[in-house]
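Residue strings, one per chain:
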Amino acid sequence: QVQLVESGGGLVQAGGALTLSCTASGRISLIHVMGWYRQAPGKQRELVAQSFDARTASYADFVKGRFTISRDNAKKTVSLQMNGLKAEDTAVYFCQAVISTYDEIRSRDYWGQGTQVTVSP
C-alpha cells in the first residue's frame, strides 16, 4: 500500500515563507507525477503545482513567481517552497501523486492527509 506523508505546514505572517515536504512510501515501481493541491474553507480543492519529472513543472497562476516545486526521485519526495505568502494562501495543502506499484497493472492517484498552512495578515 502506498502512503504519502506531508510535513512543514504551520502559521506564518504575510510575506513569510514555508516549505512543505511529502514522502511517498510503499511498493512503488514508478512515480509519474507529484504535486500539491490546496483547499481553503468553503472552497473547492485546487491545483497549486505539479512536477512531471526532475526538470518539468507547472504552476497555478496565483503562485507563479512565489512558489517552487522540487522533486527527488531517489528519495521519492516532493517539496513546495512557498515565499511571499499571502493571507489568501491559507488552506490545507495536500500532496498528490500518480504512482505505479508492483501490485497493480495501472497507475493510481494517491493523496496525503493534508497539512494546514495559515498566513496571518
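Just so it is clear, the model here is predicted, and its values are computed rather than measured.

## Some details on the overall build of the protein
Check the secondary structure of the protein and you find zero helices and eleven strands. In the protein, the succession of helices and strands from N to C terminus is β-β-β-β-β-β-β-β-β-β-β. For a compact globule of 121 residues, the expected C-alpha radius of gyration is about 14 Å, and the protein comes in at 14 Å, within 12% of that figure. Counting only C-alpha atoms, the protein reaches 45 × 30 × 20 Å along its principal axes. Looking at the protein as a whole, 42% of its 121 residues are labelled buried.

## Examining the packing of aromatic side chains
Throughout the structure, instances matching the rule amount to one aromatic pair. Arg45 extends its terminal NZ or CZ atom over the ring of Phe94, reaching a point 3.7 Å from the ring centre. Here the basic side chain of Arg45 rests over the ring of Trp111, its NZ or CZ set 4.8 Å away from the ring centre.

So, how was this worked out
Residues numbered from 1 in each chain as written. Predicted model: local features only at pLDDT ≥ 70, side-chain atom pairs only at ≥ 80, totals over all residues. Heavy atoms only, no water. Helix = DSSP H or I, 4+ residues; strand = E, 2+ residues; numbered from the N terminus. Rg over C-alpha atoms; globule rule 2.2 N^0.38 Å. Buried < 20%, exposed > 50% of the residue type's maximum accessible area, 1.4 Å probe, protein only. Phe/Tyr/Trp six-rings, centres within 6.5 Å; stacked < 30°, edge-to-face > 60°. Lys NZ or Arg CZ within 6 Å of the ring centre and 35° of its normal.

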